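What follows is each chain in one-letter form.
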Amino acid sequence: MSYRPQVVTIDDRAVEHLTEFCRAQGLQKLFMVADTHTFAAQGRAVQEALVAAGFDFKSIVFTDEEVIADAAHLFDVLVAAGGEARTYLAVGSGTLTDITRFASHRTHSQFIAVPTAPSVDGFASIGAPLIVHGVKITVICQAPLALFADLRTLAQAPQKMIAAGFADMLGKLTSIADWRIGHLLWNEPYDESIALRTLAAVQICVDNADAIGQGSPAGIRRLLDALLESGYCMLDFGSSRPASGAEHHYSHYWEMKLLREGRPAILHGAKVGVATVLVAGLYDRIRQLSRQQVSDLLEAATWPSRAEEEALIREAYGELAGDIVAEHKAFLDPTAAQVETLRRTILERWEEIQAIAAQVPAAQEVAELLVRVGGPATVAELGLEESERDLAVANGHYLRDRFTVRKLVRALGL
Ligand SMILES: [Zn+2]
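Residues numbered from 1 in each chain as written. Predicted model: local features only at pLDDT ≥ 70, side-chain atom pairs only at ≥ 80, totals over all residues.

## Some details on the overall build of the protein
Argument step 1. Of the regular secondary structure elements, the protein holds 21 helices and eight strands.
Argument step 2. Taking 2.2 N^0.38 as the reference for a compact globule, 414 residues should give roughly 22 Å; the C-alpha atoms of the protein span a radius of gyration of 22 Å, in line with that estimate.
Argument step 3. Of all intrachain contacts in the protein linking residues separated by at least 6 positions in sequence, the fraction that spans at least 24 positions is 80%. (Helix = DSSP H or I, 4+ residues; strand = E, 2+ residues; numbered from the N terminus. Rg over C-alpha atoms; globule rule 2.2 N^0.38 Å. Contact = placed C-beta atoms within 7 Å.)

See below:
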């Protein structure tokens, strides 16, 4: 079921729209979640307008350099919000919105999103990516009641956040292909109209890469429109499947590793962009395989045993391994018949797999698009080690029970 925001505006009057909306809806008690950066960018104007208009206004403004959607920050929000029912206002980019989405949902409140950077596609979605005991999971919550975006604020967002939003959109090039592969080979639920809508949104970003890279209001508007459309596609499908494939699994792997090692976080979209280059590289390899080669590979390949897989997961994830083994159950315990069906389907439907792969741009092309918008295109530019690229490729796919090109490559023994 889809619950889109009742009102969405993207223009130069976000604060006015917000004030009018709260008044018209009789939302008298408000609680704003921001951090020092987003407070400076937009939160102060929101606060001044709402206080001047006589609303009962409370807020929390995080002062830490790095806000994480984890237990500590959620606890702080609940304490600051107090015991009265209030409508939450998320003034910020992805993380602040996700903290607010979760806290408001779990206190039976609603929230309004005031994005300050076009950096992720999750603003209007229902899922809140959270860090729970060091593991990145997505908790189904709620979409915002309304969303008011101030175009000038978005255009003034740090360039790396704009590039990250663009890169999160580029990730759909592989996530949609992965979704199609998952549908074809693993019978995952699929909706062609949603896949096409997502791809149309990516195309608009690709066509406007230069305007987005320059941070022009017209380019930023298109980017936010595309990010919102990707969010609606998730809402309409009921999960993040259209927007998240192997590239997001690599990104989640890096995110968890950085967190575990106490290293600074990297923007979600920046990681997704680099991972998209890597996953597009897997599609490059798929495109090079003839049916005969696939037949030979399948002949030689063995499906890893549960014990082997568990050992790899333990090595990669340490004390988090238990949760990941549980999440990954469908792939750890396939019946012999399931494995046989998979192998047969890969061979029988190789032409369709090729047609899906043909729609993914070459890794080189994806990298060039990232560079055009000024974002990182390699793990080194992300500030990660080369070895961490290989670790993500080896271990990222354990984080979700979705069939992606990474699973296909594994089934082929590559
Ligand atoms: Zn994303």
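Structure's up, so let's keep going.
## Some thoughts on unusual backbone geometry
Note: most peptide bonds trans; most residues except glycine with negative phi.
Argument step 1. Residues other than glycine seldom take positive phi values, yet His 108 does so here, at roughly 55°.
Argument step 2. If you trace the backbone, His 108 turns up in the loop between α4 (94-106) and β5 (111-115).
Argument step 3. Despite not being glycine, His 133 shows a phi value in the positive range, around 50°.

## Here's the deal with the environment of Ile 99
Argument step 1. Relative to the helices and strands, Ile 99 is located in helix α4.
Argument step 2. With 14 residues separating them along the chain, Ile 99 and Ala 85 place their C-alpha atoms 17 Å apart.
Argument step 3. Ignoring sequence-local partners within four residues, the contact set of Ile 99 consists of Val 33, Ala 69, His 73, Leu 74 and Val 77.

## Points about the domain arrangement of the protein
Argument step 1. Domain annotation of the protein identifies domain 1 (7-157) and domain 2 (160-411).
Argument step 2. Averaged C-alpha coordinates put domain 1 and domain 2 at centres separated by 29 Å.
Argument step 3. Along the lines of polarity and charge, the residues of the side of domain 1 that touches domain 2 split into 16 nonpolar, eight polar and three charged. (Domains from an automatic or database assignment. Nonpolar A, V, L, I, M, F, W, Y, C, P; charged D, E, K, R; others polar.)

## Overview of α4
Argument step 1. For α4, built from 13 residues, the straight-helix expectation of 18 Å at 1.5 Å per residue is met to within 8% by its first-to-last C-alpha distance of 18 Å.
Argument step 2. Counting buried positions along α4 gives 11 out of 13 residues, so the element sits mostly inside the fold.
Argument step 3. All buried positions along α4 are accounted for by Gly 94, Thr 95, Leu 96, Thr 97, Asp 98, Ile 99, Thr 100, Arg 101, Phe 102, Ala 103 and Ser 104.
Argument step 4. Within two residues after α4, His 108 carries a phi angle of roughly 55°, on the positive side. (Expected span 1.5 Å × (residues − 1). Buried ≥ 20, exposed ≤ 12 C-beta atoms within 10 Å, placed from the backbone.)

## Examining the pairing of strand β6 (residues 127-132)
Argument step 1. For β6 and strand β7 (residues 135-140), the ladder comprises six bridges, and the chain directions are antiparallel. Counted as the bridge partner of Gly 127 is Ile 140 from β7.
Argument step 2. Between β6 and β7, which pair antiparallel in sequence order, lie two residues; one of them, His 133, sits at a positive phi of approximately 50°. (Pairing = 2+ DSSP bridges.)

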